Amino acid sequence: MESGVILDLVYQALRMAAVLAGPVLMALLVVGLIIGILQAATSVNESSVAFIPKLLVIAVVLLV
């Protein structure tokens with residue numbers, strides 16, 4: 001195989017991974033940021049408070 005073909009396949013694989021993982025990661029980033037701000041404002045530092053909304057968001061995003 002030529003190196004150009006291999007580089008093109010690697011580029012396409014990385015682009016596909018970014019396209020598939022991007023929406024899920026962006027949704028989790030937004031939810032995590034909102035929960036982090038709320039936890040800092042209310043001084044509630046429990047991990048289960050952040051886990052449940054993230055679990056729900058990832059389920060909804062994957063279903064969509």
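This one's a predicted model, so the numbers in the text were calculated from it and none came from an experiment. (Residues numbered from 1 in each chain as written. Predicted model: local features only at pLDDT ≥ 70, side-chain atom pairs only at ≥ 80, totals over all residues. Heavy atoms only, no water.)

1. Observations regarding the overall build of the protein
Logical step 1: Along the protein, the regular secondary structure elements total two helices and zero strands.
Logical step 2: Against the globule reference of 11 Å for 64 residues, the protein gives a C-alpha radius of gyration of 18 Å, more extended than a compact globule.
Logical step 3: Dimensions of the protein, computed from the C-alpha atoms along their principal axes, are close to 60 × 25 × 15 Å.
Logical step 4: For the protein, with 64 residues in total, the buried portion stands at 9%.
Logical step 5: Summing over all exposed atoms, the protein offers an accessible surface of approximately 5300 Å²; the carbon and sulfur share of this is 76%. (Helix = DSSP H or I, 4+ residues; strand = E, 2+ residues; numbered from the N terminus. Rg over C-alpha atoms; globule rule 2.2 N^0.38 Å. Buried < 20%, exposed > 50% of the residue type's maximum accessible area, 1.4 Å probe, protein only. Areas by Shrake-Rupley, 256 points an atom, 1.4 Å probe, with all protein chains shown as cover.)

2. Remarks on a nonpolar patch on the surface
Logical step 1: Together, Met 1, Val 5, Ile 6, Leu 9, Val 10 and Leu 14 line one region of the surface with nonpolar side chains, adding up to about 610 Å² of accessible area.
Logical step 2: Looking at the secondary structure, you find Val 5 in helix α1 (residues 3–42). (Patch = residues over 30% accessible without salt bridge, like charges linked within 9 Å, V, L, I, M, F, W, Y side chains within 5 Å. Salt bridge = Lys/Arg side-chain N within 4 Å of Asp/Glu carboxyl O.)

3. Considerations on the packing of α1 against helix α2 (residues 47–63)
Logical step 1: At a minimum axis separation of 9 Å, α1 and α2 run at an interaxial angle of 155°. With respect to α2, the element α1 is oriented roughly antiparallel. The interaxial crossing formed by α1 with α2 has right-handed handedness. Contacts between α1 and α2 involve Pro 23, Val 24, Ala 27, Leu 28, Val 31, Gly 32, Ile 35 and Gln 39 from the first element and Val 49, Ala 50, Pro 53, Lys 54, Val 57, Ile 58, Val 61 and Leu 62 from the second.
Logical step 2: Among the residues forming the contact of α1 with α2, the class breakdown is 13 nonpolar, two polar and one charged. (Axes fitted to C-alpha atoms, helices over the stretch in contact; angles between N-to-C directions. Parallel < 35°, antiparallel > 145°, perpendicular 65-115°, else oblique. Left-handed = near helix turned anticlockwise from the far one by under 90°. Contact = heavy atoms within 4.5 Å. Nonpolar A, V, L, I, M, F, W, Y, C, P; charged D, E, K, R; others polar.)

4. Quick look at α1
Logical step 1: Between its first and last C-alpha atoms α1 spans 55 Å; for 40 residues at 1.5 Å apiece the expected length is 58 Å, and the two agree.
Logical step 2: Ala 21 marks where α1 bends most, by close to 40°; the proline Pro 23 follows one to four residues later.
Logical step 3: Turning to α1, its buried residues number three or more, namely Val 24, Ala 27, Val 31, Ile 35 and Gln 39.
Logical step 4: Tucked inside the fold, the buried residues of α1 contact α2.
Logical step 5: Count one or two residues on from α1 and you reach Ser 43, which has phi positive near 60°. (Expected span 1.5 Å × (residues − 1). Bend = angle between axes of the 7 residues up to and from the residue.)

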